[in-house]
Amino acid sequence: MNRLSFLIGRICQGILALFAIATLNFFLIRAAPGDPAAVMAGEAGAVDEKFLQVVRLQYGLDLPILQQWWIYISGIARLDLGYSYRQQASVASLILERLPATLVLTICAFVFSLVVGVTLGVLAARKPGSLTDRLIGFLALIFYAAPMYWLALMAVLIFSIRLGWLPAFGYQSIGADYHGLEALLDRMRHLVLPTLALSFFYVAIYTRMTRANMIAMSQMAFVKTARAKGAGETRIQLRHVLRNALLPVVTLAGLQAGNMVGGAIMTETVFAWPGVGRLMFDALMQRDYSLLLGAFLITAALAIIFNIITDIIYTLVDPRIAL
Amino acid sequence: MDRRAFLKLAATASGTAVLSGVPLMAAAQAKGGVLNVVVQPEPPGIMIGIFQNVPSQMVGGNIFEGLLRFDADLKPHPLLAESWESAADGMSHSFKLKENVLWHDGKPFTSEDVVFSLDKMLRETHPRVRNFLTAVESITADGPYKVDFKMKHPFAPFIQSFEVGSMPMLPKHLYEGTDYAGNPVNSAPIGTGPLKFAEWQKGSFLKLVANEQYHEEGLPSIEAVYFHVIPDGASRATAYETGKVDVLPGGSVEYFDIERLSQLPNTEITTKGWEFQGSQCFLWLNNTSKWVSDKRVRQALMFALDREAMRDIAFFGYAKVAPSPWNSSTKYYTEDIRQYPRDVEKAKELLKEAGYDGSPIRLLPLPYGETWQRLAEIARENLSEAGINVEFTATDVAGWNQRLGDKDYDIAFSYMSQYGDPALGVARLYTTSNIIKGSPWNNVSAFSNADLDALFDAGAREVDEEKRARIYQDAQALIAEEVPLAWLFEMIWPTIHRANIKNLISSAVGLNDSLGRARIE
Amino acid sequence: MTRPNLLHKMFSRADVWLATLVLLVIVALAVAAPLIYPKGPWAMGGRPFLGPAGDLRFPLGTDTNGRNILAGLIWGGRVSLVIGLVSTAVAVSIGVLIGAVAGYAGGRVDAALMRFTEIFQVVPGFALALVLVAVLQPSAGSIVLAIGVVSWPPVTRLVRAEFLSLRSRDFVYAAQLQGQSSLRIMFRQILPNVASPIIVMGSLMVATAILLESSLSFLGLGDPNRMSWGFMVGASRTVLRQAWWMATFPGLAIAVTVLALNVLGEALNDALGSQSGKR
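This is a predicted model, so every value here is computed, not measured.

Observations regarding the overall build of chain B
In terms of regular secondary structure, chain B is built from 17 helices and 21 strands. Rg of the C-alpha trace for chain B: 23 Å, near the compact-globule value of 24 Å for 521 residues, within the 12% margin. Judged by the C-alpha coordinates and their principal axes, chain B covers about 70 × 55 × 40 Å. When the 521 residues of chain B are sorted by exposure, 52% land in the buried category.

See the structure below:
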């Protein structure tokens, strides 16, 4: 029961946060330059007084600000994120269309960075101070310090332009009429560079954290006990040290998943990946504010959902959380 | 085009040579083939009576037709009208319609459709038509195949407005008495053109197929056209390289990709098909702002700008430095006016005379992407070399619209269509009556000069070609002296296509009405 | 720990020396930019797309507009450093203020402020910064504000935790008994004791802020009147095939600067022996 109430608490907290972000959004739209009605009218391609009146009425822009706010919030509760005049479609439908691509990319990068980060961390922790450790440490430092978009461009330069191994952009070959397995392989080839680019930074974090935890754990009493009992070193490393060292890493990864969605804006832009991030960038370029802020809201919602999922997994994995 | 009575003979004759030559040859060719064209961005709708933006025109202009078609010299040719005549005083015009023209749903096209389209529907849905029709007293049908226009006063470029993008003919039997914008026919439009609507998969492609009942013998010779929606510039270039698309319309790939693509085998590049739009890029100069209101400062700006460098660097050579505020495709264009070759010393001198003290001058770049950003960066550099302290104002499209509308700027980039005739696309940038707050598409410079107003006014009503030419040459000379705005480039949007596609562009609006006449060899 | 001792401990490491040297060079070049390239970073001195080492006047090549990449790097360093420092100062100020009030007041005020902080922590920071700059229009001011707004929560958590533990110490009671105002106690008595972890965190935040600024500029949301490293990489994106050097050098400059700042920040952290939550 305790776990359940904890989770309910977390979900309520998440909803509260969303509510706050939606409110922020509402005021940001109004902070954007120009009369919102004129902006919308301009996007629709006609600025005359008659049209302005229609837009004002339609969006309740002549109502008191609090009432407008309530209309906006209750619209969001019904998943009505507004209308993009530039794209002639509802914001929700535009985002929904792009969501799968973003999820595929984020999940791939999430898994990849966790697996590679932990592996490198374990390798580095085996003999602190060794050449392997230093090499991995240096690599992690570079990945941590270099801007993600720059690493992405460098990857394109090397793997697409110089070597010609991987496609530089898009999510499938244009014009190639692939089916079945071929189509899948084609998609996977397109996924490689974006996944790498989005992962670099997180690989660095997870590597360093795993390494630090592994080293800290191997000093712990229970590990020493196991060793005294004569358990094999590999077994000790895997069964005792890694298992315990991993928990905080996974927690961090869960918290970072939300940020990864934010990072996807950059990756999707560089690789012309047709996800929500790219949509957000395009909206930004065209200053399609209703679309931009709608996509922002969805990004934030995804981050919150990832956090809650992390909490759920955490409560299931770690008995100490049973408050 | 002279306004002699009854041009039937001349028009039909030249029409056969330039336009109708195709079917004769095509008849000997094997028919068939599919055209794959890029459309960028995806149009919001293709009913061009309602949607007038560029991508809508490109698709819809092949479904619908105007009464006339125009060649690269902007000479009219028969289309839905087989002949037309204008009174010598310009106070009346009458069109004889082609018989046996059918709408895509099989109903006959008659004078009733013309009257309905112009007098009822387009008046409401098409702002530019409203403008054309201000000079019109009445539009009446005289039998099923004749339409008469009575004018309040002569409007010289009247005939020119019967192009498909400006005045598409719409089916009365489907639209009369309906809510035009909400009519379900809009999503599967019915026109008279050589291609008819087949399918639209949003976000992917739009398909038109051959109209088997088309009113010109032997046309169309292709089976279908696919318009592909590919949202990324680099992907569009790749789509051409990999053979998925055969035609890259102007503006669909980045300027720096054009050179590489045009070198590909079986590829042709053409800059034709933009004569009617004839866009010119220029700098708005705010004649109400402190320093720019001084003629000497405006002239200094012209002298300071390195337009050759801008052309080469920002447009990779694909632009033409404009010797006149008129585009060379716009009527009565002349280079015999004051010219402004780059001369930094002269610019400095003029600025000194004007007493310019180095206070900041705000520059609004056009927020349409990288090319325009680079262009503005070059301009800023050019101007600062002449000692002008330029500051960028970062804006988005909405902010840009608003600032220009409110005249809250010093200098600003823009480009606008001239529609081939000074009365259609040029006068609006200069006349005092067009200084209207709230829109970025009128006399945004707020330049006001009674002599120039008089010239534009006389030019629009003058029906004598020679007199009209003299009026507009005077206007150009006056503008070149006063520099109400800084004319920079004639825009060039090259079309890249496979060399085995013939007759792809056969009019002054290019792909917008030519696709149904193309053939694949 | 005395100051000489601290420095001694830090500079016993070779990487710290190197990082310091690198930063000093970058700062020196940034300061001297008007002397080295008086025409500024926008001057179009050469042929466009000139490769590196082709012309001695342009050792790192030129960009699409024929501008000197090296001049851009040197001038761009000013923007990166200044925006990094100022926005960190903004973030630290917000963070300290909220954290101090929450930690010192405790109870409901603390709970409310922490809820507020959590909301900012859960929003993807980059996305929020992007939206803020877009809506406020890009300028140095809006960028600093946006980076500040998305970066303060960790500072708040740190300061709050320290204040929570320090507020029940004897010296605080003593000050309260003397009748000092809460504000005075918070900022004169407690804050100095929290200074070192804040400095460590701040030094790492400068690096993050530089990254964030460069990302915004990369996407075209930089101040259009100031050349910056992120802008340079952004401008190279579409011409990557033609001009690899346009992307490579400015990115390298960012990476090296951020790396050096991180090395210093961490060395400072180790030397101070504080438990400040790095990352």
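Quick look at the overall build of chain A
A count of helices and strands for chain A gives 12 helices and two strands. Across the 323 residues that make up chain A, the buried fraction comes to 45%. Summarising the internal contacts of chain A: among those between residues at least 6 apart in sequence, 70% fall at separations of at least 24.

Things to note about the interface of chain C and chain A
Contacts between the two partners involve 31 residues from chain C and, on the opposite side, 39 residues from chain A. Where the side of chain C that touches chain A is concerned, the elements lending two or more residues are α4 (107-122), α5 (125-136), α9 (182-218) and α11 (244-272) of chain C. Among the elements that make up the side of chain C that touches chain A, the one with the highest residue count is α11 of chain C (eight residues). Grouping the constituent residues of the side of chain C that touches chain A by class yields 21 nonpolar, six polar and four charged.

Overview of the sheet that holds strand β15 (residues 361-364) of chain B
Residues and elements named next belong to chain B. The strand order across the open sheet formed by six strands is β14-β18-β13-β17-β15-β16, and the pairing between neighbours is mixed. Edge positions in the open sheet fall to β14 (319-321) and β16 (390-392), since each of these has one partner strand only. Strand-to-strand, the axes of this sheet are offset by a mean angle of 35 degrees, without reference to chain direction. Across five bridges, the pairing between strand β13 (residues 279-285) and strand β18 (residues 485-491) is antiparallel. Bridge pairing in β18 links C281 to F489. The sheet contacts of helix α10 (residues 307-314) involve β14 and β18, and relative to β14 the element is tilted by about 175 degrees.

With respect to the pairing of strand β9 (residues 205-210) of chain B
Residues and elements named next belong to chain B. Judged from the six bridges that link them, strand β8 (residues 195-201) and β9 form a sheet pairing that is antiparallel. Among the inter-strand pairings, E199 is bridged to a residue of β9, identified as K207. Hairpin geometry of β8 and β9 is characterised by an intervening segment of three residues between the two adjacent antiparallel strands and by a positive phi of about 85 degrees at G203. Examined bridge by bridge, β9 and strand β10 (residues 224-229) share five bridges and lie antiparallel to one another. Bridge assignment links V209 to a residue of β10, and that residue is A224.

Some thoughts on the domain arrangement of chain A
Residue and element names in this part refer to chain A. Taken domain by domain, chain A consists of domain 1 (2-91) and domain 2 (98-322). Opposite the 23 residues of domain 1 that make contact, domain 2 presents 17 residues. Looking at the side of domain 1 that touches domain 2, the elements with two or more residues in it are α1 (2-31) and β1 (83-84). Among the elements that make up the side of domain 1 that touches domain 2, the one with the highest residue count is α1 (14 residues). Of the residues belonging to the side of domain 1 that touches domain 2, the class tally is 14 nonpolar, six polar and three charged.

Things to note about the UniProt feature "transmembrane region" (unreviewed entry) in chain A
Under the feature "transmembrane region" (unreviewed entry), the UniProt entry names residues 7-29, 103-123, 135-161, 191-209, 245-271 and 291-317 of chain A. Annotated as residues 7-29 of chain A, this span is 100% helix and 0% strand, and its ends, taken at the C-alpha atoms, are 33 Å apart.

Concerning the confidence of the model for chain B
Residue and element names in this part refer to chain B. In this model, chain B carries a mean pLDDT of 87, and residues with pLDDT of at least 70 account for 94%. Note that residues 1-29 has pLDDT below 50 and, in this model, 44 contacts with residues that lie over four places away or in other chains. For this predicted complex, the interface score ipTM comes out at 0.88, alongside a pTM of 0.81.

Re the sheet that holds strand β5 (residues 92-97) of chain B
Residue and element names in this part refer to chain B. Here we have four strands laid out as an open sheet, ordered β4-β5-β7-β6, and antiparallel in their pairing. Among the strands making up the open sheet, the edge pair consists of β4 (81-86) and β6 (136-141). For this sheet, the mean inter-axis angle between neighbouring strands, taken without regard to orientation, is 15 degrees. Alignment of β6 against strand β7 (residues 146-151), held across five bridges, turns out to be antiparallel.

A few points about the nonpolar core
Ranked by size, the top nonpolar core spans 173 residues in total, and within it L292 of chain A together with A129 and L130 of chain C carry the most contacts. For this core, the element with the most residues is α9 of chain C, which contributes 17 residues. A domain-level breakdown of this core finds at least three residues from each of domain 1 (2-91) and domain 2 (98-322) of chain A. Dropping the residues within four chain positions of it, L130 of chain C is found in contact with I265 and L284 of chain A together with L216 and L221 of chain C.

Let's talk about the confidence of the model for chain A
Of the residues in chain A, 85% reach a pLDDT of 70 or more, and the chain-wide mean stands at 80. Per-element confidence in chain A ranges from a low mean pLDDT of 58 for helix α2 (residues 36-44) of chain A to a high of 91 for helix α6 (residues 131-145) of chain A.

Describing the environment of L131 of chain A
Residue and element names in this part refer to chain A. Relative to the elements of secondary structure, L131 occurs in helix α6. The exposed category is assigned to L131, around which 8 C-beta atoms lie within 10 Å. A C-alpha to C-alpha distance of 22 Å links L131 and A146, two positions 15 residues apart in sequence.

A short note on the domain arrangement of chain B
All names here are of chain B. Domain boundaries in chain B define domain 1 (3-64 + 190-273 + 494-520), domain 2 (68-175) and domain 3 (280-491). Domain 1 puts 31 residues into the contact, and the matching count from domain 2 is 36 residues. Counting residues per element, the ones that place at least two in the side of domain 1 that touches domain 2 are α1 (8-18) and α17 (511-514). Of the residues forming the side of domain 1 that touches domain 2, the biggest block, six residues, is contributed by α1. Grouping the constituent residues of the side of domain 1 that touches domain 2 by class yields 12 nonpolar, 14 polar and five charged.

Thoughts on the pairing of β4 of chain B
All names here are of chain B. Taken together, the five bridges between β4 and β5 define a ladder with antiparallel strand orientation. By the bridge assignment for β5, A81 is matched with L97. Connecting β4 to the next strand, β5, in antiparallel fashion are five residues, including G90 with a positive phi near 75 degrees.

Things to note about the packing of helix α3 (residues 69-105) of chain C against α11 of chain C
Residue and element names in this part refer to chain C. Contact geometry of α3 with α11 gives a least axis separation of 11 Å together with a crossing angle of 35 degrees. In this structure, α3 meets α11 at a crossing whose hand is right-handed. Along the contact surface, α3 presents I69, G72, L73, G76, G77 and S80, while α11 presents W245, M246, F249, P250, A253 and T257.

Things to note about helix α8 (residues 180-218) of chain A
For α8 of chain A, with 39 residues, the first-to-last C-alpha span of 48 Å runs short of the 57 Å given by 1.5 Å per residue. Of all the bends in α8 of chain A, the largest measures some 45 degrees and sits at S199 of chain A.

Some words on unusual backbone geometry
Residue and element names in this part refer to chain B. The omega angle of the peptide bond from L219 to P220 is -10 degrees, so this bond is cis rather than trans. Positioned with a positive phi, L74 is a non-glycine residue whose angle comes to about 65 degrees. Along the chain, the position of L74 falls in the loop between β2 (68-70) and β3 (76-78). On the basis of neighbour count, L74 is assigned to the buried category, with 21 C-beta atoms found within 10 Å. Even without being a glycine, Y332 presents a positive backbone phi close to 70 degrees. Mapped onto the elements, Y332 comes out in the loop between β14 and α11 (344-354).

Comments concerning the environment of L297 of chain A
All names here are of chain A. On the secondary structure map, L297 appears in helix α12 (residues 289-317). Looking at L297, the number of C-beta atoms within 10 Å reads 23, which means it is buried. As a C-alpha pair, L297 and L24 span 273 residues in sequence and 9.8 Å in three-dimensional space. In contact with L297, other than residues within four places in its own chain, are I21, A22, N25 and L81.

About the thresholds
Residues numbered from 1 in each chain as written. Chains lettered and ligands numbered in written order. Predicted model: local features only at pLDDT ≥ 70, side-chain atom pairs only at ≥ 80, totals over all residues. Helix = DSSP H or I, 4+ residues; strand = E, 2+ residues; numbered from the N terminus. Rg over C-alpha atoms; globule rule 2.2 N^0.38 Å. Buried ≥ 20, exposed ≤ 12 C-beta atoms within 10 Å, placed from the backbone. Contact = placed C-beta atoms within 7 Å. Nonpolar A, V, L, I, M, F, W, Y, C, P; charged D, E, K, R; others polar. Pairing = 2+ DSSP bridges. Axes fitted to C-alpha atoms, helices over the stretch in contact; angles between N-to-C directions. Domains from an automatic or database assignment. UniProt positions renumbered as here; feature names shortened; annotations may be inferred. pLDDT = per-residue confidence, 0-100. Core = buried A, V, L, I, M, F, W, Y, C linked by C-beta atoms within 7 Å. Left-handed = near helix turned anticlockwise from the far one by under 90°. Expected span 1.5 Å × (residues − 1). Bend = angle between axes of the 7 residues up to and from the residue.

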